[in-house]
Each structure stands twice: as C-alpha cells, then as structure tokens.
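# Examining the three-dimensional arrangement
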Amino acid sequence: MATQPTNLPVPSESPRDLKFNAGKIDEYVTSMGWTYTDRFGQKHYTIEGMNYLSQQAMAAYGYVILTGKTFTTGATLNNPNEVLLNTADGEYYKWTGSFASGGKVVPANSTPAGTGGIGPGAWIGVGDASLRAALAAPGGVNLVNGAAKQSDLLALTGRVTAVENIVYYRGKTAATLGKILQAGTALKIKGFGDSTMKGARSGDVNNVSPNEPMKMLKEALLLITGVNCTVTNYGINSTTLYDMMRGTDNPDGKTYEQRLTESACDIVYCNHGINDNQTGKDILTYRLDLIDFVNISRKNNAVPVLVTPNPNVPILTGTPANNRRLKLFVDVMRQVARDMCVDLVDQHELFNQSTNVISPSVSFPDGVHPSDAAYRQAGYNLAMPLTTYHEISNAGDNAGLDGSQFFTNSTNYTITEHGSRCGPTMTMTKESSVTGLNYPVKFVKGQKAIQLNQLQWTGACIASVTDNSDSMGIIYPQKQYGGPDFNWDSTTKFYRPMYAGLHVIGINLQQSASIGNDMTFSGVILPTLNIASTTTRNNKNYSSEMIGLGDAICFNAAMSDGTEIILSDFNGVKAASVKLTSGTLRLGLFLNGSETQGVNLGTGVTAGTFAIQFIVNSTGIQCDVGILTATLTTVTNLPNLKLFNSGIPFVISKA
C-alpha cells in the first residue's frame with residue numbers, strides 16, 4: 001500500500017513524509033517520464049524531463065560544429081549540442097546518450113555505428129543529408145505533413161503514363177505502314193462497318209455495288225504503289241458499332257476481337273455511325289466502343305483507322321430529326337481520333353465539301369447509300385492515310401511531283417527542272433508495252449475542272465488520262481500550231497465534276513501511231529473558271545489564264561475588210577484566226593505564220609460589229625461569227641491560246 005503523505009508545511013519532520021519523499025527521489029532520478037507529482041499535488045520535471053528541455057533549448061539555439069574534427073580524426077563531445085562530421089556520408093551527428101561520466105569520446109577512424117550506434121539515446125544525424133536521404137527513400141513523401149502520400153504519387157504516375165501513351169502515341173500508324181507499302185510489301189487490310197462499308201447499292205441494298213469501298217481501296221493502292229494488297233470487307237447491313245464490338249451483328253456471334261484475330265491484319269478500318277444514330281444508340285456508349293475498337297486493334301498489332309459515316313439526305317430518308325443527330329456521332333468519332341492519335345478518313349466532311357459540284361441527291365439516291373460513283377470516291381478516300389500527297393483547294397493552287405509519291409512503270413523516265421508552275425517535270429518515252437504515271441492529289445473541296453501542267457512541243461505522243469481509273473479523255477500536246485518555241489508551262493484542261501477527296505490522275509502513253517514519242521507531266525493545277533478580262537494596248541491579257549480544251553472565249557469585235565481576229569500561242573505567234581477579206585469570212589489554223597488548214601464561214605459578209613465565239617476542244621476549233629459558224633478538225637491538241645487583238649473585253653468559260 002502506497003505511503004500517504006501529510007499536509008504539514010515544509011519542512012515536515014513527519015516519518016510518513018520522509019518515506020513518501022524517498023520514493024519521489026527515486027522517481028526523479030530513474031523515471032523516463034518527464035514529470036513527477038509532489039505531496040501537495042504539484043508537478044516537477046524529472047532528470048529525463050530536464051534533459052528533454054535542454055535538448056529543445058539547444059536545438060532552438062543551434063548546434064556547435066567541432067571545427068577540424070571528424071569521426072576520422074577523432075574528438076570528444078562535452079555538450080549535447082556539439083556535432084561531429086562523418087566524412088563517409090557527409091552528415092553531422094550529435095550524441096543523445098549520457099554525459100554523466102564526462103564527455104563522449106570518439107576514437108580516430110571510427111563511425112557513428114561503431115561508437116554507440118545510430119538512433120534515440122545514441123548518435124542522430126542532424127544535417128540535411130539525413131533529410132534528403134529520408135525524403136528520397138521509398139515512402140519519404142509521407143514524412144511531410146499535409147503532402148501527397150506515396151500511394152498518391154504512384155497512382156498519379158500510372159495516370160500520367162496512361163495519358164502520355166494517348167497524347168504521345170508511340171506505336172505504329174498508317175504512315176508507318178505507308179512506307180512499308182511504298183517499299184513493295186503488300187498489306188493485309190480489313191474493313192468493318194455497316195451497309196455503306198459493305199457497298200450496298202442505293203435503292204437495292206441486297207446487292208453490292210461494283211465499286212464497293214474496300215475493293216476501290218485495293219484498286220487505289222495498286223495504282224499508287226503498284227502493290228496488290230489483301231483486302232477483306234466485313235461490312236454487314238443494318239449493323240451498329242455496339243453490335244460489332246459484342247458479336248451480335250453476325251450469325252457466329254464472334255466479337256470484333258475474334259474476327260480481327262481470325263487472320264492476320266496490318267490495318268483495320270471502322271465505318272459505323274448511321275445505324276447507331278438511326279436506332280437511338282447511346283452516344284456515350286458509342287464513344288466508349290470507339291475507344292475499345294482502337295485499344296483492341298492496337299493490342300493485336302493492327303493499326304486502326306476511323307471512318308466517319310457519309311451524310312444522309314433528310315428529304316429522301318424522311319427522318320430529319322435523326323439526321324440532325326448524326327452530326328453528333330460524327331463529332332464524337334473525330335474527337336476520339338484526335339484524343340487517341342488515330343488516323344481518320346472524314347467521309348462526312350469530304351462529301352459535304354463536294355455539294356458545290358455534285359448534288360447530295362445524286363451522290364446518295366436513296367438518302368443514305370452512295371451511288372456507284374460516290375462509292376468509288378469513298379474507296380479511294382480510304383487510301384489517304386497510307387499515301388503521301390498534296391492538298392489543293394482554290395483556283396491557282398497547284399500540286400507537283402516534289403513532296404508527293406507517285407507510281408510509274410516507265411523504265412526510261414527522267415525528272416528535270418524547266419520552270420513550270422508545279423516544279424520539276426517528268427519525261428517518259430514510249431516503250432514496247434504500255435507505260436505511264438499515276439499521281440495522287442487531294443481536293444479539299446469539289447472541283448469542276450483541272451489542268452495538267454506539262455510541256456507542249458513537237459515531240460509529244462498521245463496519252464489517255466484517267467481519274468480514279470475512270471476515263472477523262474485523250475491528250476496530244478504536240479505543238480503543230482503557232483510558233484516553233486516549246487511551252488514548258490503549258491496546261492491541258494479537263495472539265496469534269498470531281499468529288500472532294502483523293503484523286504489518282506493516270507497518264508498512259510498510247511502505243512498508237514503519233515508524231516512524237518514522249519510525254520511530260522509536272523503536276524495538277526486548279527484553273528480559274530468564268531474569266532472576264534480584256535486585252536491591253538500592247539496585246540497582253542490582264543488575266544494570266546489562257547484558252548484551253550473545253551473553253552469558249554466570247555467577245556464583240558468590229559470587223560471591216562482586212563480585219564483579222566487572232567488567237568496566238570503563249571509567245572504571241574498566230575495559231576488561229578478569223579479574217580474578213582473582200583466579203584469572205586475565213587477561219588484558219590497557222591504554223592510559223594503560214595496557214596495549214598482553213599475553211600470559209602461565209603461570203604458576202606459586210607463590215608459591222610459581230611458577236612464572236614471560239615470554242616477549243618480535243619478534236620479542233622469552232623468559230624461562230626454572228627449566225628455564221630465553221631469548224632476545223634485537228635489531229636493534235638491546240639496549244640494554250642490567248643486573244644491577241646488589243647482593247648477587246650472578253651469572257652472565257654466552259655463551252
């Protein structure tokens with residue numbers, strides 16, 4: 001039973017108080033607690049408590065560095081706030097053990113661990129090296145109150161890595177495969193989608209268009225690279241992206257991943273959205289499914305390509321509300337493509353940019369499914385991610401050989417610089433078999449006409465020209481009219497409605513007899529249409545455009561006896577004219593100033609002001625003067641022509 005002290009005043013002579021105080025002396029000396037309570041209930045510090053206060057006071061006051069002393073030299077520490085350098089780790093240590101028997105002696109060539117150990121009651125590091133080491137150690141961030149914990153940092157690191165893999169995608173892209181393809185390696189390509197990917201015919205969806213998109217993709221790549229790729233079309237009528245991913249769109253119940261991996265695949269296209277919209281699928285689920293499509297494709301080493309759905313025509317489908325909603329699905333696909341660095345073929349935008357030349361009701365006769373011509377264009381557009389090409393949009397834009405890929409089977413072609421607008425010029429000579437060139441170019445919006453930039457000279461042969469394998473006509477830039485000079489910057493014009501998107505312009509040298517043996521090509525130019533200009537007093541046009549194939553130039557001119565209206569070549573040498581001589585109105589073609597062909601429009605013509613029109617086409621030239629008309633047929637194409645007479649306003653437009 002504990003001794004109960006008295007309440008007698010100090011000093012007390014009571015034996016009970018003497019015995020009670022003996023216990024308190026023991027508590028004061030040996031207790032590890034910081035305080036003890038006296039017989040009146042008051043608290044006092046123990047030796048341990050006073051030691052703690054001393055340590056705190058010394059810490060607040062600062063440490064005393066023993067200059068010139070280290071654990072290597074040896075030293076004696078006499079006070080708790082003295083610190084000693086350990087050169088092995090660059091850290092200062094203080095002794096927190098007892099100084100009761102005198103100073104702490106540190107022998108020379110010793111360490112903290114070997115002279116008492118490291119920890120409470122022994123050596124403790126007090127320099128920033130300890131703090132740095134502690135913070136750098138696993139879980140060190142936990143030492144900083146209020147800071148993020150180590151687990152937070154690990155989670156954040158994982159998140160940052162995931163985001164970087166999306167934003168800075170490091171894997172294969174279509175461009176990677178395009179280089180392999182250009183080097184001659186065939187690709188294995190798959191296309192997934194709805195009926196518009198399958199190629200269901202407009203108004204007859206149970207039959208497939210001869211120009212179904214994946215077939216046209218194969219054709220385009222063969223033209224551009226000369227490589228025959230393996231292409232498989234997995235398009236299914238009336239299906240959605242939701243069904244494709246889960247395998248509910250096919251009788252075998254195979255998921256997208258199962259069908260993707262059932263055979264080798266280098267690149268895979270996905271064209272879904274129309275039916276997802278029409279059947280009311282959730283657009284957030286659509287987004288997640290697109291993300292899954294991309295991730296699954298990449299996981300299985302296939303490069304994904306997203307293809308936006310083509311526009312729908314509300315007046316034909318009868319569902320205007322759903323067609324307005326389709327744009328949201330298109331925007332989601334574009335966003336996923338941007339966020340995940342996925343190649344995108346934006347068919348929706350390209351067909352919308354084509355309405356300036358081709359009506360949507362022509363492109364999509366039933367309001368949803370493309371026409372055969374539109375399917376052809378859609379398929380060629382699919383080749384864009386795998387192709388290097390120039391983009392052109394407005395009149396005057398040009399695309400040349402530099403910076404673009406092209407394919408030729410000519411064994412004798414050369415490329416040289418001759419000052420043409422499009423840059424270097426390729427020259428090919430006829431061979432024993434058909435040779436030529438295929439040149440890809442992208443039109444940002446629909447076009448009504450294009451020009452081929454090429455040399456017009458006396459050595460030209462005949463060539464056929466195609467656009468996406470569809471015939472455009474014949475060119476024969478043999479210079480047989482005007483002067484003898486070459487025109488390295490000549491153009492051959494073709495009027496033709498052309499969709500926005502990728503076009504492969506083909507030039508194939510014909511084996512038929514011709515005056516020359518060579519053909520040239522520098523590039524493609526978008527011409528200015530419907531030109532209104534005038535000739536100057538020195539016989540130069542304000543407009544730089546000249547009269548080309550398919551053009552008509554119209555103007556009014558006063559004619560009297562001896563008046564000659566001249567169309568010259570680019571050097572101002574007469575190539576064609578209409579002349580009134582003694583009442584006879586005659587149309588003629590000229591070479592080096594001499595008429596080579598001619599025909600009379602009429603006789604008995606009196607002087608006056610006449611409405612005059614020249615029409616130039618691939619078979620010759622037509623001239624209309626008032627109600628009189630005449631035509632001259634040519635074997636070769638006429639050169640680019642310009643109105644030579646001064647002071648005449650004129651208009652050039654499609655004939």
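Analysis parameters
Residues numbered from 1 in each chain as written. Predicted model: local features only at pLDDT ≥ 70, side-chain atom pairs only at ≥ 80, totals over all residues. Heavy atoms only, no water. Pairing = 2+ DSSP bridges. Helix = DSSP H or I, 4+ residues; strand = E, 2+ residues; numbered from the N terminus. Expected span 1.5 Å × (residues − 1). Buried < 20%, exposed > 50% of the residue type's maximum accessible area, 1.4 Å probe, protein only. Polar contact = N/O pair within 3.5 Å; in protein donor to acceptor, adjacent residues only side chain to side chain. Axes fitted to C-alpha atoms, helices over the stretch in contact; angles between N-to-C directions. Contact = heavy atoms within 4.5 Å. Parallel < 35°, antiparallel > 145°, perpendicular 65-115°, else oblique. Left-handed = near helix turned anticlockwise from the far one by under 90°. Nonpolar A, V, L, I, M, F, W, Y, C, P; charged D, E, K, R; others polar. Core = buried A, V, L, I, M, F, W, Y, C linked by side-chain atoms within 4.5 Å. Phe/Tyr/Trp six-rings, centres within 6.5 Å; stacked < 30°, edge-to-face > 60°. Salt bridge = Lys/Arg side-chain N within 4 Å of Asp/Glu carboxyl O.

### Let's talk about the pairing of strand E39 (residues 649–654)
By the bridge criterion, four bridges tie strand E29 (residues 531–534) to E39 in an arrangement that is antiparallel. Across the sheet, the residue bridging to Thr534 is Pro649, located in E39. Across four bridges, the pairing between strand E30 (residues 551–559) and E39 is antiparallel. Across the sheet, Ala552 pairs through a bridge with Ser653, a residue of E39.

### Quick look at helix H7 (residues 213–225)
Between its terminal C-alpha atoms H7 stretches 18 Å, which fits the 18 Å expected from 13 residues at 1.5 Å a residue. Looking at H7, one finds that the buried residues are Pro213, Met214, Met216, Leu217, Ala220, Leu221, Leu223, Ile224 and Thr225. In this structure Glu212 caps H7, since a side-chain oxygen of it lies 2.9 Å from the backbone nitrogen of Met214. Among the residues trailing H7, Gly226 stands out with phi positive, at a value near 80°.

### A few points about the sheet that holds strand E13 (residues 267–271)
Taken in spatial order, the five strands of this open sheet run E12-E9-E13-E14-E15, and their pairing is parallel. Only two strands of the sheet have a single neighbouring strand rather than two, namely strand E12 (230–233) and strand E15 (343–345). Averaged over all pairs of adjacent strands, the angle between strand axes in this sheet comes to 20°, irrespective of strand direction. As defined by bridge partners, E13 adjoins strand E14 (residues 303–307) across four bridges and the pair is classed as parallel. From the neighbouring strand, Tyr269 faces E14, where its bridge partner is Val305. On top of the sheet, helix H11 (residues 283–299) reaches E13 and E14; it is set at about 155° to E14, its chief contact.

### Concerning the environment of Trp457
Positionally, Trp457 belongs in the loop between strand E22 (447–456) and strand E23 (463–467). We classify Trp457 as buried; its relative accessible area is 8%. Trp457 sits 28 residues away from Asp485 along the chain, and the two C-alpha atoms are 7.4 Å apart.

### Here's the deal with the environment of Glu48
Its location among the elements puts Glu48 in helix H2 (residues 47–61). Between the C-alpha atoms of Glu48 and Thr30, which are 18 residues apart in sequence, the distance is 8.2 Å. Ignoring anything within four residues of it in the chain, the contact list for Glu48 reads Ser31, Met32, Gly33 and Trp34.

### Observations regarding the packing of H7 against helix H16 (residues 372–381)
Each pair of packed helices can be described by the angle between their axes along with the distance between the axes. Relative orientation of the contacting elements H7 and H16 amounts to 55°, with a least axis distance of 7 Å. The angle between H7 and H16 places the two elements in the oblique class. Note on packing geometry: the crossing formed by H7 with H16 is right-handed. For the pair formed by H7 and H16, the contact residues are Pro213, Met216, Leu217, Glu219, Ala220 and Leu223 on the first element and Tyr375, Arg376, Gly379 and Tyr380 on the second. Its residues assigned to classes, the contact of H7 with H16 comprises seven nonpolar, one polar and two charged.

### So, the nonpolar core
Counting residues in each nonpolar core, the largest one holds 34 residues, and the members touching the most others are Phe555, Ile565, Ile612, Phe614 and Ile621. Looking at this core, the elements with two or more residues in it are E30, strand E31 (564–568), strand E32 (574–581), strand E33 (584–591), strand E35 (608–617), strand E36 (620–625), strand E37 (628–633) and E39. Setting aside anything within four residues of it in sequence, one finds Phe555 in contact with Ile565, Phe610, Ala611, Ile612, Phe614, Leu643, Ile648, Pro649 and Phe650. Grouped together as the second largest cluster of nonpolar side chains are 31 residues, Ala174, Met216, Leu221 and Ala383 included.

### Observations regarding the packing of aromatic side chains
Under the defined criterion, the tally for this structure stands at 12 aromatic pairs. Ring geometry for Tyr256 against Phe293: centres 5.1 Å apart, planes inclined by 45°, an arrangement best described as tilted. Taken together, the positions of Tyr256 in helix H9 (residues 256–261) and Phe293 in helix H11 put the pair 37 residues apart, joining distant regions of the chain. Accessibility classification places Tyr256 together with Phe293 in one group, the buried group. When the centroid spacing of 6.5 Å and the interplanar angle of 65° are considered together, the rings of Phe486 and Trp488 count as edge-to-face. Judged by its relative accessible area of 38%, Phe486 is partly exposed.

### A closer look at H16
Counting buried positions over the 10 residues of H16 gives eight, a clear majority of the element. When H16 is considered as a whole, its buried residues turn out to be Ala374, Tyr375, Arg376, Gln377, Ala378, Gly379, Tyr380 and Asn381.

### Details of the sheet that holds E30
Taken in spatial order, the six strands line up as E29-E39-E30-E35-E36-E37 in an open sheet, and their pairing is antiparallel. A strand with exactly one partner marks an edge of an open sheet, and here the two such strands are E29 and E37. Each strand axis lies, on average, 20° off the axis of its neighbour in the sheet, ignoring direction. In the sheet, E35 pairs with E36 via six bridges, with the strands oriented antiparallel. The residue of E36 that forms the bridge with Ile612 is Val625.

### Examining the pairing of E35
Looking along a regular strand, one sees side chains alternate from face to face of the sheet. Two strands pair when backbone bridges link them, and E30 and E35 are joined in this way by eight bridges, in the antiparallel orientation. Within E35, the position partnered with Ala558 by the bridge is Thr609.

### Examining the pattern of salt bridges
Pairing between side chains of opposite charge can happen when their charged atoms approach one another. Per the counting criterion, the structure on display carries 17 salt bridges. A salt bridge links Glu219 to Arg376; its shortest N-O distance comes to 2.8 Å. With a gap of 157 residues between them, Glu219 in helix H7 and Arg376 in helix H16 connect regions that are remote in the sequence. Using a relative accessible area of 23% as the deciding quantity, one classes Glu219 as partly exposed. With a shortest N-O distance of 2.9 Å, Lys327 and Asp331 are connected by a salt bridge. In this pair, Lys327 and Asp331 both sit in helix H13 (residues 320–339), four residues apart, roughly one turn of the helix. For Asp331, a relative accessible area of 31% corresponds to the partly exposed category. What you see here is one network of salt bridges that share partners, running through Lys327, Asp331, Arg334 and Asp346.

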